[in-house]
Amino acid sequence: MNIKKLVLLLLAAAMLSFVLPSCSKSYGNDTEKSSAESGIVWRGERTYIDGITENAENFLYHDGRVYFRTEEYPEGMESPDGSRVVLTIHSVNTDGSGLVSIPIVDGTDKYFDSFALDGEGNIVLMETVADESGSLENLSYFLKKFSPEGNELSSVDITDAVNSFADEYFYARGIAVDKNGNVYIGNYYYISAFSPEGKLIFGKDTGNSGGINKLVVSASGDVYGNVYMDGYVLKKIDPVTGELGESIKLSNSEYSYLSVPYSGAGDAEIYVDDGTSLTSIDPQNGEITEILNWVDSDLIRSEIGGVFPAEDGGGFICPGLSYPGNSPVITVIMPRDVSELPVRTEIIMAGPEFAVNFPLEYQAVKFNMENENYRIKIKKYADEDYLTKLSTDIISGNIPDILITDSQMNLQSYISKGLFCDMYEFIDNDSELSRGDLLPNVLSAFEMDGKLYNFTSSFMISTVIGKASIFKESGIDFDRLEEIRGGFPEGTEIFSGMDKSAVLQYGLRMSADSFIDYKTGECYFDSDKFTKLLEFANTFPSSAELNFDDGFWSRLDTMYSDGSTLLMVPMISCYGDYFCYERGYFGDTVTTVGFPSVSGEPGSAIFVNSGFAISARSDDPDGAWQFVRTLLLPEFQNETGDFPVRVSALENKAKKEMNVSDEDSYSPIISMGDWSLSSTKFISEIGKPAKEDIDRINALVTSVSRLELYNSTIREIVNEEASAYFAGSRSAEQAAELIQNRVKLYLNENS
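Residues numbered from 1 in each chain as written. Predicted model: local features only at pLDDT ≥ 70, side-chain atom pairs only at ≥ 80, totals over all residues. Heavy atoms only, no water.

Undergrad: An account of the pairing of strand β13 (residues 183-187) is requested, with residue identities and associated values reported.
TA: The buried count for β13 comes to 5 of 5 residues, which makes it a mostly enclosed element. Sheet analysis places strand β12 (residues 174-177) next to β13, joined by 4 bridges and oriented antiparallel. By the bridge assignment, glycine 174 is partnered in β13 with glycine 186. Remark: 5 residues form the turn of the hairpin made by β12 and β13, two consecutive strands paired antiparallel; glycine 181 in that turn has positive phi of roughly 85 degrees. The sheet contact formed by β13 and strand β14 (residues 190-194) spans 5 bridges and is antiparallel. Looking at β14, one finds that isoleucine 185 is bridged to serine 192. Linking β13 to β14, which pair antiparallel, is a turn of 2 residues; within it tyrosine 188 sits at a positive phi near 55 degrees. (Buried < 20%, exposed > 50% of the residue type's maximum accessible area, 1.4 Å probe, protein only. Helix = DSSP H or I, 4+ residues; strand = E, 2+ residues; numbered from the N terminus. Pairing = 2+ DSSP bridges.)

Given below as structure tokens:
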């Protein structure tokens with residue numbers, strides 16, 4: 001029985017990491033400069049741990065030492081079901097010295113998920129043991145305790161106790177030891193507690209559909225469950241009955257995946273990471289107090305795998321995994337007096353929360369640690385009304401030095417008002433960067449009157465693809481598309497899972513420049529081209545007529561290969577995506593047909609999650625450029641997840657994807673209206689791109705020079721007026737005329 005594989009299926013976690021050589025070194029921020037004049041700031045000193053090559057997790061701290069767990073599957077030790085594994089607990093001093101490795105499970109059919117430390121620093125865990133049959137119904141469970149040196153102190157068989165309340169596979173999703181030495185084990189839907197001697201105190205179903213994600217011990221030694229209920233909350237666990245107490249709401253709980261509680265033991269009962277800041281929470285009244293902002297403190301959030309107060313109360317010990325890389329790192333965070341730090345010019349970078357992503361935050365932290373003259377300060381617009389708040393700031397003169405843009409912003413209006421710098425002026429005067437370093441088609445897509453007011457560091461391709469044997473070349477008109485479908489059996493679909501509104505919106509987004517000229521403020525919705533798009537969209541079912549039944553999902557992987565669906569709307573972010581569409585879905589070479597139109601021109605577009613612009617009203621645009629340029633240099637460009645805009649980085653990406661590991665998989669995105677679907681295709685099943693595949697994909701990536709534009713206001717106007725046409729209450733021409741008048745008015749008001 002493969003216990004580990006089962007555990008991986010049950011755990012909902014994912015992390016993107018980059019591999020760097022493991023090394024041991026420390027560096028801090030002693031030469032850091034700050035724009036502040038007085039007060040206390042937080043800074044960290046990192047120590048990378050040498051000698052650990054396996055993935056590390058479950059970071060804990062006790063009495064000056066950091067503990068963590070690793071696992072590996074050594075060659076030659078695999079059992080027939082792949083369950084043999086070596087599990088080791090390591091401990092190390094906070095300065096990286098004194099590494100001790102304690103083998104716990106050594107190549108047998110045993111496993112443990114996580115471990116805890118008791119008040120004396122002993123290691124406590126639940127070990128799961130499979131019998132020879134490998135059946136999930138015949139597992140044994142042992143509560144074990146080891147000394148810090150690795151000596152086994154006790155082992156209690158708790159199998160009967162576990163089976164008395166758990167009717168399915170039980171594992172220690174979370175484990176904690178309270179002030180009395182009682183051991184709590186959380187298993188999503190179950191919570192249990194055992195005395196120090198291994199006697200069951202309680203074991204019960206939590207009755208909560210979200211289950212217990214994690215257990216955390218407060219400074220007072222009480223145990224809380226991190227429970228999902230419309231966002232993560234904390235609930236105190238009664239030490240006698242196991243009942244869950246009142247909910248304590250965490251900050252940013254609407255972004256539930258960000259909220260991770262950490263144990264207390266210092267000035268606060270519990271410390272909480274909300275994804276942006278380290279905060280403390282008072283369980284008595286739910287009061288949340290921010291202690292430090294990760295980015296403002298020049299701390300790499302992804303490197304923080306746990307937060308533990310230092311014994312002297314002056315700071316925090318934060319073990320985790322390095323980024324980029326995957327080796328253990330210990331960050332010791334201490335307060336610093338601002339008077340000790342020289343002054344730097346502060347550059348404000350702002351944007352919607354979803355656009356200020358982790359790679360951008362990481363780059364800001366890296367920049368702050370390295371640049372002697374400037375410092376990036378991040379401001380996030382957090383809610384759905386961010387466009388209004390951003391506009392208010394801009395109108396009041398509070399435009400940031402660097403604006404992180406997204407596809408919903410009315411950038412053309414900002415540009416027409418002269419709010420952005422022409423970044424070509426910076427590029428042309430940069431000693432390490434030139435226009436020739438960047439993809440010319442992407443530059444062309446962003447240019448306006450020969451100037452570059454906003455740009456991006458990476459992009460995806462939004463298009464429509466179909467079998468090359470059916471669609472001979474790129475570009476197709478509506479009449480030819482209907483002619484092709486006529487040659488297939490009745491019921492053959494052009495797009496699957498798409499209603500009228502979705503088809504209309506995709507057609508608009510992929511060819512928006514055919515209907516809107518943001519430079520002049522003109523629009524052309526009263527044209528024959530748009531009327532034909534309306535009529536084409538009207539041939540699709542209404543949303544109520546769509547049927548996402550079991551039959552639909554069962555044929556998702558075959559509908560394109562068997563010809564029952566002719567075209568797919570994909571989002572292509574890498575070479576592997578395109579290759580997977582061909583091999584994993586169509587089973588044949590595809591061509592980028594593009595969205596159909598009257599003229600039959602290729603309807604493919606560049607899609608950008610986020611971009612950047614430099615304010616023309618900034619007090620120091622040169623300082624803003626000092627950061628922006630790092631997003632276009634090789635170090636950052638070579639690690640982008642989507643297609644990079646740098647020519648050399650794109651070439652490197654192609655080489656990487658031709659040599660990807662056979663154990664990896666593809667999960668490209670298929671767009672179906674409001675749905676974004678994907679299913680995993682393993683490289684061992686469909687292979688990897690060859691040079692000729694890369695060349696064919698590059699022909700698309702390096703030729704598309706149209707931006708996919710998304711304007712929420714215009715979308716609403718189009719949907720409102722088109723819906724009446726779809727309902728039969730007006731003609732396509734009447735709907736087009738109403739859309740033309742309303743969009744023209746909107747453009748005039750926002751030009």
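Continuing now.
Undergrad: So what's going on with the nonpolar core? Which residues, and what values?
TA: Within the largest apolar cluster, 75 residues are counted, with the highest numbers of intra-cluster contacts made by Ile402, Phe455 and Phe459. Looking at which element gives the most residues to this core, the answer is helix α12 (residues 575-586), with 7 residues. When near neighbours in sequence (up to four residues on either side) are disregarded, phenylalanine 455 contacts Met423, Leu438, Val442, Leu443, Phe446, Gly611, Phe612, Leu632 and Val645. Membership of the second largest hydrophobic core comes to 44 residues, among which are Ile484, Met498, Phe536 and Ala537. (Core = buried A, V, L, I, M, F, W, Y, C linked by side-chain atoms within 4.5 Å. Contact = heavy atoms within 4.5 Å.)

Undergrad: Lay out the side chain of serine 618 in plain terms, naming residues and giving numbers.
TA: Inspection of the secondary structure puts serine 618 in the loop between β37 (611-614) and α13 (621-628). Given the relative accessible area of 11%, serine 618 is considered buried. A distance of 2.6 Å separates the side chain of serine 618 from the side chain of aspartate 401, its partner in a polar contact. (Polar contact = N/O pair within 3.5 Å; in protein donor to acceptor, adjacent residues only side chain to side chain.)

Undergrad: Summarise the pairing of strand β34 (residues 569-572); cite the residues concerned and give the values.
TA: Neither face of β34 is left uncovered, since the one carrying Val569 and Met571 and the one carrying Pro570 and Ile572 both have all their residues buried. As judged from the 2 bridges shared by strand β30 (residues 458-462) and β34, these two strands associate in the antiparallel manner. Across the sheet, residue isoleucine 461 finds its bridge partner in β34, namely isoleucine 572. The pairing of β34 with strand β40 (residues 669-672) spans 3 bridges and is classified as antiparallel. Across the sheet, residue valine 569 finds its bridge partner in β40, namely serine 671.

Undergrad: Could you give an account of unusual backbone geometry, with specific residues and numbers?
TA: With a phi angle near 60 degrees, asparagine 58 is a residue other than glycine that sits in the positive phi range. For aspartate 63, which is not glycine, the phi torsion reads 50 degrees and is therefore positive. Looking at the element boundaries, aspartate 63 is found in the loop between β3 (56-62) and β4 (65-72).

Undergrad: Which residues make up the sheet that holds β12, and what values do they have?
TA: Within the open sheet, the 4 strands sit side by side as β12-β13-β14-β15. Their pairing is antiparallel. Every other strand in the sheet has two partners, leaving β12 and β15 (200-205) as the edge strands with one partner each. Strand-to-strand twist in this sheet, taken as the mean axis angle between neighbours without regard to direction, amounts to 10 degrees. (Axes fitted to C-alpha atoms, helices over the stretch in contact; angles between N-to-C directions.)

Undergrad: I'd like a rundown of the packing of aromatic side chains, residues and numbers included.
TA: For the structure on display, the rule yields 36 aromatic pairs. With a centroid separation of 5.6 Å and an interplanar angle of 40 degrees, the aromatic rings of phenylalanine 59 and phenylalanine 68 are classed as tilted. Across the pair, exposure class does not vary: phenylalanine 59 and phenylalanine 68 are buried alike. Judged by centre distance (5.2 Å) and plane angle (45 degrees), the rings of tyrosine 560 and phenylalanine 586 are tilted. You can see tyrosine 560 sitting in the loop between α11 (550-554) and β34 and its partner phenylalanine 586 sitting in helix α12, a full 26 residues away along the chain. (Phe/Tyr/Trp six-rings, centres within 6.5 Å; stacked < 30°, edge-to-face > 60°.)

Undergrad: Could you give an account of helix α9 (residues 500-510), with specific residues and numbers?
TA: Burial of α9 is extensive: 10 of the 11 residues sit out of reach of the surface. Three or more residues of α9 are buried, namely Lys500, Ala502, Val503, Leu504, Gln505, Tyr506, Gly507, Leu508, Arg509 and Met510. Residues of α9 that are buried in the fold lie against β30, α10 (528-537), β34, β36 (605-607), β40 and α18 (712-726). Structurally, the start of α9 carries an N-cap: the backbone nitrogen of serine 501 is 3.3 Å from a side-chain oxygen of aspartate 499.

Undergrad: Describe the sheet that holds strand β27 (residues 345-352), and please don't skip the residues or the numbers.
TA: On the basis of which strands lie adjacent, the open sheet formed by 4 strands has the order β28-β27-β29-β37 and mixed pairing. Strands with a single pairing partner mark the edges of an open sheet, and in this sheet they are β28 (374-381) and β37. Sheet twist, expressed as the average angle between the axes of neighbouring strands with direction ignored, equals 25 degrees. The pairing of β27 with β28 spans 8 bridges and is parallel. Each bridged residue has a counterpart across the sheet, and for isoleucine 347 the counterpart in β28 is isoleucine 376. Running over the sheet, helix α3 (residues 358-370) touches β27, β28 and β29 (402-405) and is turned about 155 degrees from β28.

Undergrad: Tell me about the packing of α18 against helix α19 (residues 732-749), and please be specific about residues and values.
TA: Where α18 contacts α19, the two axes come as close as 9 Å, and the packing angle between them is 160 degrees. By the angle class used here, α18 and α19 are roughly antiparallel. Along this stretch, α18 crosses α19, giving a crossing that reads as right-handed. Residues Thr713, Ile714, Ile717, Val718, Glu720, Glu721, Ala722 and Tyr725 of α18 form the contact with α19, whose own contacting residues are Ala732, Ala735, Leu738, Ile739, Arg742, Val743 and Tyr746. Of the residues contributing to the contact of α18 with α19, the split by class is 11 nonpolar, 1 polar and 3 charged. (Parallel < 35°, antiparallel > 145°, perpendicular 65-115°, else oblique. Left-handed = near helix turned anticlockwise from the far one by under 90°. Nonpolar A, V, L, I, M, F, W, Y, C, P; charged D, E, K, R; others polar.)

Undergrad: Requested: an account of the packing of α12 against helix α17 (residues 691-701), with residues and values cited.
TA: Axes are the key here: two packed helices are described by the angle between their axes and the distance separating the axes. Where α12 meets α17, the axes come as close as 10 Å, and the angle between the chain directions of the two elements is 110 degrees. One way to sum up the angle between α12 and α17 is to call them roughly perpendicular. The chirality of how α12 crosses α17 is right-handed. Within the contact between the two elements, α12 uses Tyr575, Tyr578, Phe579, Glu582 and Arg583 and α17 uses Asp693, Ile694, Arg696, Ile697, Asn698 and Leu700. Looking at the contact of α12 with α17, its residues break down into 6 nonpolar, 1 polar and 4 charged.

Taken by themselves, the reported measurements are silent on function.
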